[in-house]
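Structure assessment
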Amino acid sequence: MHPRTRTLLMIVGIAAGALAAGVFAGTRITSPADAAARAEPPAASDVTVPVELRELQSQVVTRGDVSYTGAVNVEPQFPGLESTPVVTGSVPDVGDTVRRGDVLLEVVGRPVIALPGEVPMYRTLRPGMSGPDIEQLEKALDKLGFDPGEVDDDFTGSTSRAVEELFQDKGYEPPAVDPDIQAALDAADENLDAAEDEVRNAESALQAASKGASEAEKLQAQHDVDTAERQLEQAKTDGDADAIADAELQLKLARTNLDEVEAGPDVSAERAALDAARSRLTEAQQERDQAAVRAGTPLPASEVVFVPSLPRRVDEVNVGRGDEVDGAVMSISGTDMVVTVNVDAASRELLDEGMDTVVDLPNGEQVTAPITSIREASGEDASGYDVRISPDDLNNEQVEALRSANVRVTIPVASTDGEVLAVPLAALTAGTGGEARVEVQRPSDGNDGGSGDHGATTELVEVEVGLTAEGYAEITPVEDGAVAEGDLVVVGSEGASAAADDTEEADDSRSGDEEPTGDDSTPDSETGDDEPGDDDGLDEDEPDDDGPSKDDGSGDRSESDDEATTDDAE
């Protein structure tokens, strides 16, 4: 190769290498202006969602326990029982129905009978007693067909006979009379027998003393009077004074004897004795009658249990044959199944008796049931309100599925009348006058409207807010047609906030030792103070431990067994 040509090629190669090195170095060197430009935050970009046509429904969602109405613990009392109360007979099974007059179980060979009544069996009922528990006993006996006489608050002999018939109908001997009461009756019987004997003796004495003179004695007395009269007349004829005096005396004696014979004997003492005996007999009879009433068939406190209403269902049995009775032997409840849910005061304001609810069965079915009562919760540590829901027309499978279950309950509170314009709650803002607004993104004429989205601008449109539910709000534009389905509304922005955070972190790193001041400098999550409005590190659609969650329609809502969830009801 020619020397000049070789030299030219070398120069060209060196130039090309220098150019490449310059280009490479240029890519690695950044000017201060370029560095500052690159550190600037990117332009903010609006996050938008379309306006929808949808039907909104506000509802309270909670959980409740299924039970039967009016659960009652059966706890027989055994005052004065000398032996240990041991179950000696069969006991009912869970699910059995207890009706008026049924034998719940047998203790020490004696029945425990169920009767309807509000007053508990707190004492043994005996003849001669009175009170409201007596009246409810007589009402129960009367309804069972055992006549207690007049239904009142007095335990009479008729009540005793009705109690006796009740036990005989159940196949048991009537309850025994208290030994002291029986002894008093025996003593009254003896006193009555003695009084009756005294009367009989007095009557015999009177009868014996009441016997008068015989007919012959009466004739003789009359004859003696006639004879004395003739002797007196003869003495007067003879004129003998002594004979006249003697004859007059004899006549007086004869007439006195005749009067006595005709009048009969003096039995006043015998009659007084008889009257006294008869009075004592009357007293003895009354005492015996009273003792007999007291010795009528009693109703021991251990052999009857009064419950507010019957029939009922056996929910739980705590004893078996051979077990000693100590406390409640079983739990019985009404035959009507109920679901009881607890709600807070805010949810209570949305509910009324008669509102329909939807109960999710454990087997996946749903049943509709009305609210039958709303009461303030009672009991230790109780709070909120207890809402009772009464499912009806349940088939056997549904009853079995619900029994003792904990179920989800949905209570529709309000809904829109068909589809309405709806936007997410995040799209709503408040104007200076408190008016509600949405920021609608409009197509631009080509100029940047400052939104960060090239080719679009935004417009604040005043709206009226209707029902809010499921994380959405019903809106109606004040100016007709200002918002329509499909319009994009701003719910937030992206880009600017991230850049701002980066800048703030850079500022913090530069400030170094500067200490923050003010209460807001320490997050509540660090101090442990849960102030109202704190999210405690939870997502917006997840409830914290202190309150209900709101269903924003983004997914499954958390549920609590104790607290209701209100779906943004307004």
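As a starting point, this report considers the structure included with it. (Residues numbered from 1 in each chain as written. Predicted model: local features only at pLDDT ≥ 70, side-chain atom pairs only at ≥ 80, totals over all residues. Heavy atoms only, no water.)

Take the sheet that holds strand β6 (residues 103-107) next. If you trace the three strands from one edge of the open sheet to the other, you get β6-β7-β8, paired in mixed fashion. Where the open sheet ends on each side, the last strands, each with one partner, are β6 and β8 (304-307). Going from strand to strand, the sheet's axes swing by 25 degrees on average, the running direction of each strand aside. When β6 meets strand β7 (residues 110-116), the two strands line up antiparallel, connected through four bridges. Bridging from a neighbouring strand, Glu106 pairs with Pro111 of β7. Sheet contacts for helix α3 (residues 132-143): β7 and β8; angle to β7, the most-contacted strand, approximately 95 degrees. (Pairing = 2+ DSSP bridges. Helix = DSSP H or I, 4+ residues; strand = E, 2+ residues; numbered from the N terminus. Axes fitted to C-alpha atoms, helices over the stretch in contact; angles between N-to-C directions. Contact = heavy atoms within 4.5 Å.)

A word on the packing of aromatic side chains. Scanning the model with the defined rule gives zero aromatic pairs in all. The ring of Tyr472 carries the charged tip of Arg54 above its face, separated from the ring centre by 4.0 Å. Positioned above the aromatic ring of Tyr385, the side-chain terminus of Arg348 is 5.9 Å from the ring centre. (Phe/Tyr/Trp six-rings, centres within 6.5 Å; stacked < 30°, edge-to-face > 60°. Lys NZ or Arg CZ within 6 Å of the ring centre and 35° of its normal.)

What follows covers the sheet that holds strand β4 (residues 72-74). Spatially, the four strands line up as an open sheet ordered β4-β10-β9-β5, and their pairing is antiparallel. Each edge of the open sheet is held by one strand with a lone partner, namely β4 and β5 (97-98). Sheet topology places β4 next to strand β10 (residues 330-334); three bridges connect them, and they run antiparallel. When the bridges of β10 are listed, Val74 appears paired with Met330.

Before going further, it helps to spend a moment on the packing of helix α5 (residues 179-209) against helix α8 (residues 268-294). Relative orientation of the contacting elements α5 and α8 amounts to 160 degrees, with a least axis distance of 8 Å. Viewed along their axes, α5 and α8 adopt a mutual orientation that is roughly antiparallel. As α5 runs across α8, the sense of the crossing is left-handed. Class assignment of the residues belonging to the contact of α5 with α8 gives a composition of 18 nonpolar, two polar and 11 charged. (Parallel < 35°, antiparallel > 145°, perpendicular 65-115°, else oblique. Left-handed = near helix turned anticlockwise from the far one by under 90°. Nonpolar A, V, L, I, M, F, W, Y, C, P; charged D, E, K, R; others polar.)

So, about the nonpolar core. The biggest cluster of nonpolar side chains holds 23 residues, and the ones touching the most others in it are Leu351, Ile371, Val387, Ile389, Val407 and Val409. Looking at this core, the elements that each hand over two or more residues are β3 (57-68), β11 (337-343), β13 (366-376), β14 (385-389), α10 (396-402) and β15 (406-415). (Core = buried A, V, L, I, M, F, W, Y, C linked by side-chain atoms within 4.5 Å. Buried < 20%, exposed > 50% of the residue type's maximum accessible area, 1.4 Å probe, protein only.)

It is worth spelling out unusual backbone geometry at this point. The bulk of non-glycine residues show a negative phi, and the bulk of peptide bonds are trans. Cis geometry marks the peptide bond from Leu310 to Pro311, where omega comes out at 10 degrees. You can see Pro311 is positioned in the loop between β8 and β9 (312-317). Notably, Asp381 is not glycine yet its phi reads approximately 65 degrees, a positive angle. Structurally, the position occupied by Asp381 is in the loop between β13 and β14. A positive phi is found at Glu470, a non-glycine position, where the angle reads about 60 degrees. Along the chain, Glu470 turns up in the loop between β19 (456-469) and β20 (472-477).

So, on to the environment of Leu467. Mapping Leu467 onto the fold places it in strand β19. Along the primary structure Leu467 and Val420 are separated by 47 residues, whereas in three dimensions their C-alpha atoms are 9.9 Å apart.

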